[in-house]
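# What the coordinates show
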Amino acid sequence: MESGSATKRRGWLLMKARELALRNDDQVGLIIFSSSGQMFKYCSPNSSMLQNIDRFKKASGTQIQEDDDKQQIYREMTRMKNENDKLQATIRQLTGEDLTTLTKTDLKNLQKQLEVSLDRVRSREIELLQEELREVRRQWRCILEAKFSRARGKETEKTEQSRDLLQLSPPFSNRLQPTQPNLQDPNLHHHSCSSGNLKKPKT
């Protein structure tokens, strides 16, 4: 908390600044910050505080940080503008739009640079074509493998169907086995006797 004497001294200083501005027609600018952070200021009636600050900087050669930042930003913007102008000029020269400022040596250097760039473009184009060719071959390989796989699957299915049909049909030996005669059949015995009588020779 400020004492009463500090407040009195501050008031006395502001009063003296006012007297200087009014009696002597001096250009006065006074700024006071109290210990609590409160600001007190006085400026002569025929000027403003900004005018007093600018006049102080010019007279003392003092640079304020804000001005330094502005100058640094201005220098950086100027540098970027110059680089952009050079880049635009280089692009126009590479495209053949602005060659009037180039000398014979500059034209030869530009031609060499264009040849190098053209070689790089051709190399990149060849790489892309090779990549496309490899991709086409890979796709054809996948298509052929898929066709072969389907063909093998169908062949395997046919083989399994044939095997199932053979397992379901009766054995071939059972179908061709002859019927055994019944020796107890009287007709068969009579037929055998008759055949024996017919074969007996006459005496």
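It should be noted that the structure appears before, not after, this text.
Anyway, here's the lowdown on the structure attached to this text. Here the structure is a predicted model, which means the values were calculated and not measured. For every chain, the first residue of its written sequence is number 1, and the numbers climb from 1 along that sequence. Reporting of local features is limited, given that this is a predicted model, to residues whose pLDDT is at least 70; pairs of side-chain atoms are given and counted only at 80 or more, and all residues count toward the totals for whole chains, interfaces and linings. Side-chain numbers come from the whole structure's heavy atoms, not from hydrogens or water.

### Topic: the pattern of salt bridges
Worth spelling out the cut-off: Salt bridges are identified by distance alone: a Lys or Arg side-chain nitrogen within 4 Å of an Asp or Glu carboxyl oxygen. Only runs of H or I of at least four residues qualify as helices and only runs of E of at least two qualify as strands under DSSP, and these elements are numbered from the N terminus. Buried residues are those whose accessible area, probed at 1.4 Å on protein chains only, stays under 20% of the maximum for their type, while exposed residues exceed 50% and partly exposed ones sit between those limits.
Evaluated as defined, the whole model comprises six salt bridges. For the salt bridge of Glu 19 with Lys 16, the shortest nitrogen-to-oxygen distance reads 3.6 Å. Here the residue Glu 19 and the residue Lys 16 both occupy positions in helix α1 (residues 4–23), the gap between them amounting to three residues, near one helical turn. According to the relative accessible area criterion, Lys 16 is partly exposed, its value standing at 32%. Among the salt bridges present, the one from Glu 76 reaches Arg 79, with a minimum N-O distance of 2.3 Å. A residue pair is termed a helical-turn pair when its members lie 3 or 4 positions apart in one helix, as Glu 76 and Arg 79 do in helix α3 (residues 65–94) at three residues. On the accessibility criterion, Arg 79 (38% relative accessible area) is partly exposed. Each of the salt bridges in this network shares a partner with another, and the network as a whole consists of Glu 76, Arg 79 and Glu 83.

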